[in-house]
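# Inside the fold
What follows is the residue order along each chain.
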Amino acid sequence: MAGLTHPNLVVLTGAGLSAESGVPTFRGVDGLWEGYHIEEVASPEAFRHTPELVHRFYNLRRAALHTVQPNSAHHALVRLEQAWPGSFLHVTQNVDDLNERAGAKKLRHMHGELRKVRCLWCRNVMDWESDLEVTTACPICEKVGKMRPDIVWFGEMPYYIEEITQALETVDVFVCIGTSGVVYPAAGFARQAASKGAKRLIEINLESTDISSHFTERRQGTASVEVPRLVEELLTTT
Ligand code: OAD
């Protein structure tokens, strides 16, 4: 980027990044929420009233991770992370582990992770591969019935907000990939970045979104094609 030798980069990703790996998006035609009411599975109230349903929903999604692989967009973002000359932060709303499996390190899961669970009693967070049931005992405190997916539900505070806000204070290039821009606070990051003076705001999506007007550049297409293309461009022009 002309005039900046070490530009700061923030990448925000959503379900569109993993769609071509076979992880369903939330709001598309085949969207994951179809057949479920969001509040039935993704809220603390749902967990209190129908924990079996909530566990079943997340158990299926956790198990499905065994059937998917990172795609070219995940790999390209890791190449960007490794070669970018300035500061780099990848903030994802995705709860899958495809970025890590591609090698991502500077990654923050603001909505939690499918392969992590949390004990509401002792508050420990732990890696988890198998199913979670209402009868599951916490391996640390041994309390039964207090284990929940470490997913940020509606009405809960996303993770890493302080660190993300700080990164947006000094961001030069903001890239947003495969998110519908309807869930806050993530949906507000483009506007925040613009207000802090980001010079380039780039959106990659199949279609225009609720937040498209905040970007200086929009690339319409699939993440698997557009992300590798953008990464090569950023690395050759910066
Ligand atoms: P959505 O399902 O709302 O949006 C997915 C976006 O990806 C849409 O704008 C699609 O057009 C786009 N898209 C789909 N396939 C794509 C592809 N191959 N290439 C590029 N773009 C593609 O998912 P999110 O915006 O991630 O929160 O949803 C945000 C949050 O809503 C999720 O993190 C989840 C949900 O409630 C929690 O679970 C806490």
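Basis of the calculations
- Every chain is numbered independently, its residues counted from 1 as its sequence is written.
- Reporting of local features is limited, given that this is a predicted model, to residues whose pLDDT is at least 70; pairs of side-chain atoms are given and counted only at 80 or more, and all residues count toward the totals for whole chains, interfaces and linings.
- As a rule here, side-chain values come from all non-hydrogen atoms in the structure, and water together with hydrogens is ignored.
- UniProt positions are given in the numbering used here, feature names are shortened, and annotations may be inferred rather than shown by experiment.
- What counts as a ring pair is set by centres within 6.5 Å for rings of Phe, Tyr and Trp (its six-membered ring), and what kind of pair is set by the plane angle: stacked under 30 degrees, edge-to-face over 60, tilted for all other angles.
- Think of it this way: any DSSP run of H or I at least four residues long counts as a helix, any run of E at least two long counts as a strand, and we number them from the N terminus.
- Residue burial is assigned from relative accessible area. The probe radius is 1.4 Å, only protein chains are included, and a residue is buried under 20% of its type maximum, exposed over 50%, and partly exposed in between.
- The distinction between a cavity and a pocket rests on a 1 Å grid over the protein atoms alone: a 1.4 Å probe fits inside a cavity but cannot get out, while a pocket stays open yet meets protein on both sides within 12 Å along at least five of seven lines, and a residue with an atom within 4 Å of a point counts as lining.
- Grid points are joined across faces, edges and corners, and a volume is the space filled by probe spheres set on the points.
- For this classification, the nonpolar set comprises Ala, Val, Leu, Ile, Met, Phe, Trp, Tyr, Cys and Pro, the charged set comprises Asp, Glu, Lys and Arg, and every other residue, Gly included, is treated as polar.
- The pairing criterion is simple: DSSP has to find at least two bridges between the two strands.

In the nomenclature of an unreviewed UniProt entry, the chain corresponds to NAD-dependent protein deacylase from the organism Prosthecobacter algae. Note on the chain: under the UniProt heading Subcellular location (unreviewed entry), the record states "Cytoplasm". According to the UniProt record, the Sequence similarities (unreviewed entry) comment for the chain is "Belongs to the sirtuin family. Class III subfamily."

### Topic: the packing of aromatic side chains
If you walk through the whole model with that rule in mind, you get 5 aromatic pairs. On the basis of an interplanar angle of 45 degrees and a centroid distance of 5.4 Å, the ring pair of F47 and W153 is categorised as tilted. One end of the pair, F47, is in helix α3 (residues 44-49); the other, W153, is in the loop between β6 (147-151) and α7 (161-169), and 106 residues separate them in sequence. Classification of F47 as buried rests on a relative accessible area of 10%. Since its relative accessible area comes to 2%, W153 is described here as buried.

### Focus: the layout of surface pockets
Put simply, the largest pocket is a space of about 920 Å³. Along the walls of the largest pocket sit 44 residues, with A15, F26, R27, T179 and S180 positioned nearest its centre. Within the residue set of the lining of the largest pocket, elements represented by two or more residues are α1 (16-19), α4 (51-64) and β8 (200-205). Class assignment for the residues of the lining of the largest pocket results in 21 nonpolar, 17 polar and 6 charged.

### Brief notes about the pairing of β6
Within β6, 5 of the 5 residues are buried, leaving the element largely enclosed by the surrounding structure. Where strand β4 (residues 112-119) meets β6, 5 bridges bridge the pair, whose relative direction is antiparallel. In the sheet register, C119 faces β6, and the bridge partner there is M147.

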